[in-house]
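Notes for the structure review
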Amino acid sequence: MDLSSAEGALPCFKYCIFAFNFLIWGLGASLLTISVIIRTDDALYEYGKALELDRYYTACYICMAIGVLLIVLSFIGCLGAAVESPCILVFYVLVTGICIALEVAVCVLAWKTAGGEALQRELTEQMLGHIENYQNPETDDSRRFMDLIQYRLECCGARDRLDFQKLGFPDPQSCSNERTNNINIRSCGENLRRYLERRGGALGGISMGLVLLHLFSLALNGCLFFGLRLQNNKYRRPY
């Protein structure tokens, strides 16, 4: 690379780094906010007490950590570009690599947990166990759980309303739609899968966007780093 052209391009690299870090800061703050909202969702907390959603919670915790890290990291990236410090830029690149690995992990956890027919079958099987204990006075938690999910998600049964009838149980009142007073026809396994898909899709989508931004940011920081090295070597040359 020609030295004069490299020096002329340094301001452009710096401004691009500022812009990318502003976007990363915004996405990091959004990721932190959304993950906190999802994790503190009362409905999801109740579902998690009766169903195995550990991977989903793990994705939320990782997103919280990434969000905090990105807010700090974006400031460090801007600082490194502003003071033209190669050491800060190298540190930024190393931490960005860690962030990319965490973001890929979130995509795997969120999309693997929150979508697909396999998840629906898994949720349905767990709900069938609660339906079998629906009228057992010793396991009243199953009744409360099924009434809660059927009322909030406007569904009935794990697969359909026949799940209760096959066991000789009458249709629960929580299966009735408040607006029409008819029995809800959608299954709770399907509606819960859709519920998780919307939330998991948001986490995975933001994380994937951050991965792409980080890759561009790494390229810009690499160009700035080598440009600074060339500039420093110029002034070290004896005249």
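In the block above lies the structure referred to throughout.
Read on for an overview of the structure. (Residues numbered from 1 in each chain as written. Predicted model: local features only at pLDDT ≥ 70, side-chain atom pairs only at ≥ 80, totals over all residues. Heavy atoms only, no water.)

This next bit is on a nonpolar patch on the surface. A cluster of nonpolar side chains, contributed by Met208, Leu212, Leu215 and Phe216, occupies part of the molecular surface with about 390 Å² of accessible area. By the secondary structure assignment, leucine 212 is in helix α8 (residues 188-236). (Patch = residues over 30% accessible without salt bridge, like charges linked within 9 Å, V, L, I, M, F, W, Y side chains within 5 Å. Areas by Shrake-Rupley, 256 points an atom, 1.4 Å probe, with all protein chains shown as cover. Salt bridge = Lys/Arg side-chain N within 4 Å of Asp/Glu carboxyl O. Helix = DSSP H or I, 4+ residues; strand = E, 2+ residues; numbered from the N terminus.)

On to unusual backbone geometry. Although it is not a glycine, glutamate 154 sits at a positive phi angle of roughly 50°. Its place among the elements puts glutamate 154 in the loop between α6 (140-153) and α7 (162-166). The class for glutamate 154 is partly exposed, based on a relative accessible area of 33%. (Buried < 20%, exposed > 50% of the residue type's maximum accessible area, 1.4 Å probe, protein only.)

Right, let's get into the state of the cysteines. A complete count under the given rule lists two disulfides for this structure. With its sulfur 2.1 Å from that of its partner, cysteine 155 forms a disulfide with cysteine 188. Because the sign of the S-S torsion sets the handedness, a value of about 90° for the bond joining cysteine 155 and cysteine 188 places this disulfide among the right-handed ones. Of this pair, cysteine 155 sits in the loop between α6 and α7 while cysteine 188 is found in helix α8, placing the two residues 33 residues apart along the sequence. Paired through a disulfide, cysteine 156 and cysteine 175 show a sulfur-sulfur distance of 2.2 Å. Judged by the sign of its S-S torsion, about 80°, the bond between cysteine 156 and cysteine 175 is right-handed. Taken as a pair, cysteine 156 in the loop between α6 and α7 and cysteine 175 in the loop between α7 and α8 lie far apart in primary sequence, 19 residues in all. What makes cysteine 175 buried here is its relative accessible area of 0%. (Disulfide = S-S within 2.5 Å.)

Turning our eyes to something else, we now look at α6. The first and last C-alpha atoms of α6 sit 20 Å apart over 14 residues, in line with the 20 Å expected at 1.5 Å per residue. Of all the positions in α6, only Ser142, Phe145, Met146, Leu148, Ile149, Gln150 and Leu153 are classed as buried. Count one or two residues on from α6 and you reach glutamate 154, which has phi positive near 50°. (Expected span 1.5 Å × (residues − 1).)

Attention now moves to the pattern of salt bridges. Close approach of charged atoms allows side chains of opposite charge to pair. Applying the stated criterion across every chain yields a total of five salt bridges. In this structure, arginine 159 and aspartate 163 form a salt bridge, with 3.2 Å as the shortest nitrogen-oxygen distance. Glutamate 190 is the salt-bridge partner of arginine 186, the closest N and O atoms lying 2.9 Å from each other. By relative accessible area, arginine 186 is classed as partly exposed at 41%. Accessibility expressed as a relative area gives 18% for glutamate 190, which makes it buried. What emerges from the salt-bridge pattern is a single network uniting Arg186, Glu190 and Arg194.

Looking now at the packing of aromatic side chains. Each pair of aromatic rings is reported with the distance of its centres and the angle of its planes. Counted under the stated rule, the structure contains two aromatic pairs. Ring geometry for tyrosine 134 and phenylalanine 164: centres 5.3 Å apart, planes at 80°, overall edge-to-face. Of this pair, tyrosine 134 sits in the loop between α5 (117-132) and α6 while phenylalanine 164 sits in helix α7, and the two are 30 residues apart along the sequence. This pair shows no difference in class: tyrosine 134 is buried, exactly as phenylalanine 164 is. The ring centre of tyrosine 134 lies 4.5 Å from the NZ or CZ of arginine 143, which sits over that ring. (Phe/Tyr/Trp six-rings, centres within 6.5 Å; stacked < 30°, edge-to-face > 60°. Lys NZ or Arg CZ within 6 Å of the ring centre and 35° of its normal.)

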